Amino acid sequence: ISSTGGHLNELMQLSPLFEKYEYKIITEKDKANEHLKEKYGEIHQQPNGKIELEKITYELPDGNSFFVGNSRSECFEPLFNPQLVALSCGGICQMITQVIQSTNGQVKDVILVGGTTMVKGMKERIQNEMKMIFGMDINVVSTNDNKWISWMGAKLLDQRNVGKVITKEMWSDE
C-alpha cells in the first residue's frame, strides 16, 4: 500500500492546525508530526466509524503549542480505506486477507512491522476486521519493537546466510 508512515505524516500536515504554524526548517515539521502520530495517534475501531477525540494541546520543541483533535485519528483511515485519498488499491486488511488466502490457510499469525503499527488501536482494528472476514480469531502480533522488527528480521536472515548475497531475482523466486 502506498500509505507509508511518511504518507500519513503528509496527511496529518494537511490539517489546518499545522498550516497555522511556520516552521524554521521542514524537518522540524516532520519530526513534530511523527512524534504526534506515534504518541497521540489513535485508530478508529469501527470501519468508517466517526469518533470525537478529546482535543489535546501539543507543544512544539520551540515552546509554541496548538490543539489537535480528530486529525490524529482520521489520518490513519486511508490504511484501511485507501479510496479516501484516491488510491485504487485494497486496504491493509484486504492485503492481509490475500496473503492468508494465498497460503491456503497456512498462515496463522500476522506480525505488525513499522512505526505506524505502534499507533494505539492498530492491532485491535486488524484483529477485529480479520475476525469479520474469516469468522475466527487471527493472531496479530505487536511488540514494543515494531518500529525496528523488520531490521531485526533482516539481521537474523543475514546471520543464517553469512556471506551469501541475495539478489532481487533470488528474492522474487522465493
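Summary of the structure given here. (Residues numbered from 1 in each chain as written. Predicted model: local features only at pLDDT ≥ 70, side-chain atom pairs only at ≥ 80, totals over all residues. Heavy atoms only, no water.)

What follows is about the overall build of the chain. When its secondary structure is counted, the chain shows nine helices and four strands. Relative to its full complement of 174 residues, the chain shows a buried share of 34%. Within the chain, contacts between residues separated by at least 24 positions form 63% of all contacts whose residues are at least 6 apart in sequence. Summing over all exposed atoms, the chain offers an accessible surface of approximately 11,200 Å²; the carbon and sulfur share of this is 54%. (Helix = DSSP H or I, 4+ residues; strand = E, 2+ residues; numbered from the N terminus. Buried < 20%, exposed > 50% of the residue type's maximum accessible area, 1.4 Å probe, protein only. Contact = heavy atoms within 4.5 Å. Areas by Shrake-Rupley, 256 points an atom, 1.4 Å probe, with all protein chains shown as cover.)

It is at 10 Å that the axes of helix α6 (residues 92–102) and helix α7 (residues 122–134) come closest, and there the two elements cross at 55°. Relative to α7, the element α6 is oriented oblique. α6 and α7 meet at a crossing whose hand is right-handed. Here I92, C93, I96, T97, I100 and Q101 of α6 come into contact with α7, specifically with I126, E129, M130, I133 and F134. Of the residues that constitute the contact of α6 with α7, the class distribution is eight nonpolar, two polar and one charged. (Axes fitted to C-alpha atoms, helices over the stretch in contact; angles between N-to-C directions. Parallel < 35°, antiparallel > 145°, perpendicular 65-115°, else oblique. Left-handed = near helix turned anticlockwise from the far one by under 90°. Nonpolar A, V, L, I, M, F, W, Y, C, P; charged D, E, K, R; others polar.)

Turning to the pairing of strand β2 (residues 65–68), a few remarks are in order. The two faces of β2 differ: F66 and V68 on one face are buried, but S65 and F67 on the other face are not. With four bridges joining them, strand β1 (residues 56–59) and β2 adopt antiparallel strand pairing. Bridge pairing in β2 places I56 opposite V68. If you look at the hairpin formed by β1 and β2, you'll find five residues sitting between the two strands, and G63 has a positive phi there, around 100°. (Pairing = 2+ DSSP bridges.)

On the surface, a cluster of nonpolar side chains totalling about 410 Å² of accessible area is made up of W148, W151 and M152. Its location among the elements puts W151 in helix α8 (residues 149–160). (Patch = residues over 30% accessible without salt bridge, like charges linked within 9 Å, V, L, I, M, F, W, Y side chains within 5 Å. Salt bridge = Lys/Arg side-chain N within 4 Å of Asp/Glu carboxyl O.)

Here E124 is to be found in helix α7. Sequence separation between E124 and Q45 is 79 residues; the distance between their C-alpha atoms is 7.3 Å.

It is worth spelling out α6 at this point. Residues lying three or four places apart along an α-helix face the same way, a consequence of the helix completing one turn every 3.6 residues. The set of residues buried in α6 consists of I92, C93, I96, T97 and I100. With its buried residues spanning 135° around the axis, α6 presents them on a single face. Opposite the buried face of α6, by more than 90 degrees, sit the exposed residues Q98 and S102. Contacts from the buried residues of α6 go to α5 (77–80), β3 (109–111) and α7. (Arc of directions from axis to C-beta.)

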